[in-house]
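Report on the structure
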Amino acid sequence: MKKILVIGCGSIGQRHIRALVANGIQNIAALRTGKGQIKELADDIKEHVSVFFSEEEAFAWDPEYLLISNPTNLHIKYLAVAIEKGLKVFVEKPVIDHYGDLDSVSLIKKDITSYPGLVGYNLRFNGVFTHIKEILRVGEYGEVITGNLMVGHYLPFYPYEDYRESYAAQKKMGGGVLRTLSHELDLALFFWGGVKKVFAKVDQLSDLEMDADDTVDIVLEMDDCRRVLIHLDFLNPVSLRKGSILFKKGLLEYDYFKGEIHFTDYEQKTKELIYSTDEAYDAQYKMQMKHFLEDRHDIGCTLFQGIEVMEIIDACEKSSKD
């Protein structure tokens, strides 16, 4: 029977626990420090989780899988533990706080980038993005010219906790929009391979009570796309996650929240709905966790790819500063 230890039981950690339960996992334990804002496990998952209050007790339980979903700045510590103990590991995105952290805690880059494991970029398992991936694979619309990916949320509207005390608002905890909403960076890698060049502006433009970036604009040159534009912000009062891809044969437009993809052909000049889904929001988390439990690495973001995202983040910050 699979034994899974969860470190970090905030809103995303509890969502992962629900995904484990949905996949039939019964042997789940959580390491709780009492430092997070969410002090109690939700009623619907309490009965499924054993709780430890010390690392010694938690690892003495002898888990086979380690699920890391605590604040970003603490990920590196438990990744090192997972590698040392040979545990199967899943880490919430982003993998680490800074790319340079790989040189710390006696962890060298090849140890983590070659280690089997998955990173929590769940959008790879959403129907909209898997369908776009297949369109790109088949090449039915010809060569890709440009890509444009956008996401915006208003941070104070986030549920569960006071945004000012959340990790997303605090630089020291690995917060900021560039890290917290880095899904679009991973999608760019998922769609178009490696990055050749990076240009970015990373800013705090609002008067929100936070000390981390709230607005980021990025231009990427990639292996399979001449120009990718990415916009991330914590300021949009209307949550959006949408984008477009310009092909030789026309324009593809997607809307994640509507679950729709449209295509406008140059010849017909009509906008056609080519895909729609009403899949439940938690379905992508359930599928992601299923792949983790089955040790599959064909769709999900691997540790190596997660480190690639961190390289892009590092390059964005350097570009903006310089």
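The structure this text deals with has already been given above.
What you are looking at is a predicted structure, and each value in this text was computed from that prediction instead of being measured.

1. A word on helix H9 (residues 283–293)
One turn of an α-helix holds 3.6 residues; hence residues three or four places apart share an orientation. Residues of H9 that are buried: Gln284, Tyr285, Gln288, Met289, His291, Phe292 and Leu293. Contacts from the buried residues of H9 go to strand E1 (4–7), helix H1 (11–22), strand E4 (65–68), strand E5 (88–91) and strand E6 (117–119). Positioned one or two residues after H9, Asp295 has a phi angle of 55°, which is positive.

2. Comments concerning the environment of Lys271
With respect to the element layout, Lys271 can be found in strand E14 (residues 271–276). Lys271 has contacts with Glu253, His262, Phe263 and Thr264, leaving out every residue within four places of it along the chain.

3. Comments concerning the nonpolar core
Grouped together as the largest cluster of nonpolar side chains are 81 residues, with contacts concentrated most on Ile132, Trp192 and Leu252. Excluding anything up to four places from it in sequence, Leu252 contacts Ile132, Ile135, Tyr141, Gly243, Ser244, Ile245, Phe247, Ile261, His262, Phe263 and Ile274.

4. Describing empty space enclosed by the protein
Using the criterion set out here, one finds one cavity of 30 Å³ or more in the structure. What lines the largest cavity is simply Asp97, His98, Tyr99, Arg179, Met310, Ile313, Asp314 and Glu317. Element by element, the count of residues in the lining of the largest cavity is highest for helix H10 (residues 303–321), at four residues. Tallied by class, the residues present in the lining of the largest cavity amount to three nonpolar, one polar and four charged.

5. A look at the layout of surface pockets
Looking at the second largest pocket, its volume works out to about 230 Å³. Lining the second largest pocket, in full, are Asp97, His98, Lys171, Gly175, Arg179, Val202, Asp203, Gln204, Asp211, Ala212, Asp213 and Glu317. Residues belonging to the lining of the second largest pocket are distributed by class as follows: two nonpolar, three polar and seven charged.

Calculation criteria
- Residues numbered from 1 in each chain as written.
- Predicted model: local features only at pLDDT ≥ 70, side-chain atom pairs only at ≥ 80, totals over all residues.
- Heavy atoms only, no water.
- Buried < 20%, exposed > 50% of the residue type's maximum accessible area, 1.4 Å probe, protein only.
- Helix = DSSP H or I, 4+ residues; strand = E, 2+ residues; numbered from the N terminus.
- Contact = heavy atoms within 4.5 Å.
- Core = buried A, V, L, I, M, F, W, Y, C linked by side-chain atoms within 4.5 Å.
- 1 Å grid on protein atoms, 1.4 Å probe; cavity = no way out; pocket = protein on both sides within 12 Å on 5 of 7 lines; lining within 4 Å.
- Points joined across faces, edges and corners; volume = space filled by probe spheres on them.
- Nonpolar A, V, L, I, M, F, W, Y, C, P; charged D, E, K, R; others polar.

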